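Structural features, examined
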Amino acid sequence: MRVVVCVKHVPDLQSPRSLGDDGRLVRGGDDDTLNELDEDALEAGLRTAEAAGFPGEGHDVTVLTVGPAPAVEALRRGLAMGASTAVHVTDEQVAGSDAIATARVLAAAVAKLHAEQPVDLVVAGMAGLDGLTSLVPAALAEVLGWPQLTLADRITVADGVVSVRRETSTHVEELTAPAPAVLSVTDQAFRARFPNFKGIMAARKKPVTTWSLADVGLDPAAVGPDGSTTRVVEAAEHPERTGRVLVTGDAETVPALVDFLSQKGFA
Ligand SMILES: Cc1cc2nc3c(=O)[nH]c(=O)nc-3n(C[C@H](O)[C@H](O)[C@H](O)COP(=O)(O)OP(=O)(O)OC[C@H]3O[C@@H](n4cnc5c(N)ncnc54)[C@H](O)[C@@H]3O)c2cc1C
């Protein structure tokens with residue numbers, strides 16, 4: 001079985017973020033990290049491949065990212081978790097791509113991998129925790145012309161058919177599609193494994209392939225600001241929060257808290 005897992009390198013959520021003069025998020029900071037929701041996607045991809053015999057002969061789990069040079073760190077983390085190979089598509093012309101243009105680059109890379117050795121599944125996370133559009137997996141499926149199944153919490157692949165389970169607040173759905181298919185997974189079902197020392201050491205020896213736009217055969221006009229149908233009109237830092245009351249201390253501050261809450265109408 002061949003599984004490709006799309007992983008994004010994102011600014012750490014706990015760190016301050018800044019915007020450049022063009023209104024876009026400044027990326028590539030020291031604490032940028034593998035998008036947490038993509039760890040769930042990788043876990044789902046690894047479990048599905050393992051059920052088919054991964055890491056045995058003929059099985060492969062590839063982590064794939066599109067991003068600037070530091071995005072290779074997301075791939076290293078994916079390799080330490082257990083992926084067998086990694087592909088980094090990086091090219092200055094990709095800068096300024098919106099979700100659809102990003103999906104075009106991912107699709108070109110998946111198509112190239114598929115031509116080398118057929119891909120059964122592409123797994124993506126629920127969202128990138130920086131952009132948060134949740135558009136990329138659907139756009140990727142559309143560009144590839146492959147079926148898409150969303151928010152899976154269980155995955156099986158047998159006889160060329162991909163089956164997933166999705167749970168809503170009122171019912172459970174079982175969906176199937178012919179492979180190859182693009183899936184996105186929920187953040188509820190696939191608790192990601194933690195890379196151990198052996199995995200981290202082994203990751204250093206695993207291959208990371210770097211491709212440019214030309215390598216994946218994509219016209220530069222399809223990406224970057226010119227290939228994007230959306231543009232950032234305006235962006236501003238979040239204003240400082242005002243009007244906060246910080247109560248510190250011990251049991252003696254409880255009356256002050258009660259007083260404050262009753263003034264606000266909570267009593
Ligand atoms: C006009 C415009 C200009 C932009 N310019 C830039 C720019 O210069 N540089 C920049 O980095 N961003 C830029 N962005 C943001 C960029 O388009 C988004 O980061 C990207 O489209 C993914 O969006 P998302 O986080 O909402 O992904 P979602 O759709 O929320 O992600 C869902 C899943 O798709 C997969 N995925 C998403 N992105 C990637 C990726 N890059 N590689 C691998 N898998 C992925 C992951 O599995 C992820 O969990 C720009 C956006 C706009 C609108």
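Placed above this text is the structure.
What follows covers helix α4 (residues 136-144). Because each turn of an α-helix spans 3.6 residues, side chains separated by three or four positions in sequence point in the same direction. Those residues of α4 that fall on the buried side of the exposure criterion are Pro 137, Ala 139, Leu 140, Ala 141 and Leu 144. If you follow the buried residues of α4, they end up packed against β1 (2-6), α3 (99-116), β6 (121-124), β7 (148-152) and β11 (181-185). Positioned one or two residues after α4, Gly 145 has a phi angle of 75°, which is positive.

It is worth spelling out the site of the ligand at this point. Residues in close proximity to the ligand total 32 residues, the closest being Lys 8, Asp 38, Gly 96, Thr 133 and Ser 134. In the model, an oxygen atom of the ligand is placed 2.6 Å from a nitrogen or oxygen of the Thr 133 main chain. When isolated, the ligand has an accessible area of 940 Å², and the protein chains bury 87% of it. For the shell around the ligand, the elements supplying multiple residues, two or more each, are β4 (60-66), α3 and α4. Grouping the constituent residues of the shell around the ligand by class yields 14 nonpolar, eleven polar and seven charged.

Residues Val 245, Val 247 and Leu 257 make up a contiguous nonpolar surface patch of about 230 Å² in total accessible area. Relative to the helices and strands, Val 245 is located in the loop between β12 (208-211) and α6 (254-263).

Right, let's get into the packing of α3 against α4. Put simply, α3 and α4 touch, their axes get as near as 8 Å, and they point 50° apart. By the angle between their directions, the pair α3 and α4 is classed as oblique. As α3 runs across α4, the sense of the crossing is right-handed. Contact with α3, carried on its side by Ala 99, Ile 100, Ala 103, Arg 104, Leu 106, Ala 107, Val 110 and Ala 111, involves Val 136, Ala 139, Leu 140, Val 143 and Leu 144 of α4 and no other residues of that element.

Taking strand neighbours across the sheet as the criterion, the three strands line up as β8-β9-β10 in an open arrangement whose pairing is antiparallel. At either end of the open sheet lies a strand with only one pairing partner, and these are β8 (154-158) and β10 (172-178). The sheet shows a mean angle of 20° between the axes of neighbouring strands, taken without regard to direction. Direction of pairing for β8 relative to strand β9 (residues 161-167): antiparallel, over a ladder of five bridges. If you follow Arg 154 over to β9, its bridge partner there is Arg 165.

Here we come to the packing of helix α1 (residues 36-52) against helix α2 (residues 72-81). Contact pair α1 / α2: the axes reach a minimum separation of 11 Å and the direction vectors enclose 40°. Along this stretch, α1 crosses α2, giving a crossing that reads as right-handed. Residues Glu 39, Leu 42 and Leu 46 of α1 lie in contact with α2, whose contacting residues are Arg 77, Gly 78 and Met 81.

This brings us to unusual backbone geometry. Phe 54 connects to Pro 55 through a cis peptide bond whose omega is 15°. When you line up the elements, Pro 55 lands in the loop between α1 and β4. Pro 180 follows Ala 179 through a cis peptide bond whose omega is 5°. Considering the arrangement of structural elements, one finds Pro 180 in the loop between β10 and β11. In this structure, Leu 132 takes a positive phi of about 55° despite not being glycine. Residue position: Leu 132 is located in the loop between β6 and α4. Of note in this structure, Asp 159 is not a glycine but carries a positive phi near 50°. Residue class for Asp 159 comes out exposed when judged on its relative accessible area of 81%.

Next up on the list: the pattern of salt bridges. Within this structure, the stated rule accounts for nine salt bridges. A salt bridge links Glu 43 to Arg 47; the nearest nitrogen and oxygen atoms lie 2.9 Å apart. With a gap of four residues between them, Glu 43 and Arg 47 both fall in helix α1, about one helical turn apart. With a closest N to O distance of 3.0 Å, Asp 153 and Arg 165 form a salt bridge. Taken as a pair, Asp 153 in the loop between β7 and β8 and Arg 165 in strand β9 lie far apart in primary sequence, twelve residues in all.

The rules behind each value
Residues numbered from 1 in each chain as written. Predicted model: local features only at pLDDT ≥ 70, side-chain atom pairs only at ≥ 80, totals over all residues. Heavy atoms only, no water. Buried < 20%, exposed > 50% of the residue type's maximum accessible area, 1.4 Å probe, protein only. Helix = DSSP H or I, 4+ residues; strand = E, 2+ residues; numbered from the N terminus. Contact = heavy atoms within 4.5 Å. Near = heavy atom within 4 Å. Polar contact = N/O pair within 3.5 Å; in protein donor to acceptor, adjacent residues only side chain to side chain. Areas by Shrake-Rupley, 256 points an atom, 1.4 Å probe, with all protein chains shown as cover. Nonpolar A, V, L, I, M, F, W, Y, C, P; charged D, E, K, R; others polar. Patch = residues over 30% accessible without salt bridge, like charges linked within 9 Å, V, L, I, M, F, W, Y side chains within 5 Å. Salt bridge = Lys/Arg side-chain N within 4 Å of Asp/Glu carboxyl O. Axes fitted to C-alpha atoms, helices over the stretch in contact; angles between N-to-C directions. Parallel < 35°, antiparallel > 145°, perpendicular 65-115°, else oblique. Left-handed = near helix turned anticlockwise from the far one by under 90°. Pairing = 2+ DSSP bridges.

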